[in-house]
Amino acid sequence: MILTFDVGNTETTAALFDQDTVRAHWRVTTNLPRTSDEFSLLLRSLLHAEGMTPAAVTGSAICSVVPPVTQPLAQACEDCFGTASVLIDAHANLPIRLEVDEPLTVGADRIANTLAASRIWKRDAIVVDLGTATTYDCITKDGAFIGGIIQPGVQTSAETLFRRTSQLAATELIPPKKVIGTRTDECIRSGVLYGAADSIDGLVTRIRDEWGVASSIVVATGGLAESLRPFCRTLDEVDPFLTLKGVKMGYDILTY
């Protein structure tokens, strides 16, 4: 089995693949500093909770946008599993093209999304990745990343609102019952969630207009993708494991 990681600025997601099937998955905090020894303990604990030992893992792969985390995590994987981790980034020899002005600055997660989307759907795609930032990746059917959009993430925007407005208390982002709120918490949920949904629909429409590919598939991934799906008109698919699937594909390509 192959253990894959998507290290984001706020959270790190991991999935254990048995061939192409997700056997187990986890989400842990990224911004808690950890040494390689601490990562090793964490990995062993997560596997133990699923009734497995490190011996069940034959390899690992990491895509990371947080460089201080990459090396200790990779070292922990090597210590636990006995093999070096495969790193998925702009330097990896993958069958995709980064057709942008500064290809080496493209985030590892966007590279994994490009690989996964082009191979799974085999058509022009817009991947909306809802993380600390919300990114829009424009991916051609033959595996070219041609650019996109980066905007503040839904949770990031909400936290900024709570931090800069002293009279607005932090509110759990659950779907509102109606658009026009009659309580402060309802107003906040409506503004954040409907605002995010309309932002996604608006930006997807602008991308399609400029790109000229109205038939492109729109795929959402990331922690809030499923929550926002009912409120978005332009989302065709939701795949919470899209990035990790791309990491697994990268591992298979680079090791076989």
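Below you will find a few notes about this structure. (Residues numbered from 1 in each chain as written. Predicted model: local features only at pLDDT ≥ 70, side-chain atom pairs only at ≥ 80, totals over all residues. Heavy atoms only, no water.)

A count of helical and extended segments in the protein chain gives seven helices and eleven strands. Radius of gyration (C-alpha) of the protein chain: 19 Å, near the 18 Å computed for a compact globule of 256 residues. Summarising its shape, the C-alpha atoms of the protein chain cover approximately 55 × 45 × 30 Å along the three principal directions. In the protein chain, which comprises 256 residues, the proportion classed as buried is 50%. (Helix = DSSP H or I, 4+ residues; strand = E, 2+ residues; numbered from the N terminus. Rg over C-alpha atoms; globule rule 2.2 N^0.38 Å. Buried < 20%, exposed > 50% of the residue type's maximum accessible area, 1.4 Å probe, protein only.)

Within the structure shown, the criterion is met by one aromatic pair. Ring geometry for Tyr194 against Phe231: centres 5.3 Å apart, planes inclined by 80°, an arrangement best described as edge-to-face. With Tyr194 in helix α5 (residues 184-211) and Phe231 in the loop between α6 (225-228) and β11 (237-238), this residue pair connects regions lying 37 residues apart in the sequence. Taking the relative accessible area as the measure of exposure, Tyr194 reaches 21% and is therefore partly exposed. (Phe/Tyr/Trp six-rings, centres within 6.5 Å; stacked < 30°, edge-to-face > 60°.)

Moving on, we get to the packing of helix α3 (residues 108-120) against helix α7 (residues 242-255). For the pair α3 and α7, the least separation of the axes is 7 Å and the interaxial angle reads 85°. On the basis of their axis angle, the class for α3 and α7 is roughly perpendicular. On α7, the residues touching Asp109, Ala112, Asn113, Leu115, Ala116, Ala117, Arg119 and Ile120 of α3 are Leu242, Thr243, Lys245, Gly246, Val247, Met249, Gly250 and Ile253. Along the lines of polarity and charge, the residues of the contact of α3 with α7 split into nine nonpolar, four polar and three charged. (Axes fitted to C-alpha atoms, helices over the stretch in contact; angles between N-to-C directions. Parallel < 35°, antiparallel > 145°, perpendicular 65-115°, else oblique. Contact = heavy atoms within 4.5 Å. Nonpolar A, V, L, I, M, F, W, Y, C, P; charged D, E, K, R; others polar.)

A word on the sheet that holds strand β1 (residues 2-7). Pairing in this open sheet of five strands is mixed, and the strands run β3-β2-β1-β4-β5 from one edge to the other. Every interior strand has two partners, whereas the edge strands, β3 (21-29) and β5 (86-87), have only one. Note: strand β2 (residues 11-18) against β3, eight bridges, orientation antiparallel. Bridging from a neighbouring strand, Ala14 pairs with Trp26 of β3. Where α7 meets the sheet, its contacts fall on β1, β2, β4 (59-64) and β5, and the angle it forms with β1 comes to roughly 125°. (Pairing = 2+ DSSP bridges.)

Our focus in this paragraph is the side chain of Lys248. In this structure, Lys248 sits in helix α7. One polar contact links Lys248 to Asp252, side chain to side chain, over a distance of 2.8 Å. The contacts of Lys248, once residues within four sequence positions are left out, are Ile2, Thr4, Phe17, Gln19 and Asp20. (Polar contact = N/O pair within 3.5 Å; in protein donor to acceptor, adjacent residues only side chain to side chain.)

Helix length check: α3, at 13 residues, gives a terminal C-alpha distance of 18 Å against a target of 18 Å (1.5 Å per residue), a fit within 8%. Lys122 occupies a position one or two residues after α3 and carries a positive phi of about 55°. (Expected span 1.5 Å × (residues − 1).)

This part takes up helix α2 (residues 67-81). The terminal C-alpha atoms of α2, which comprises 15 residues, lie 21 Å apart, in line with the 21 Å expected from a rise of 1.5 Å per residue. Every buried residue of α2 is accounted for by Val69, Thr70, Pro72, Leu73, Ala74, Ala76, Cys77, Cys80 and Phe81. Residues of α2 that are buried in the fold lie against β1, α1 (36-49), β4 and β5.

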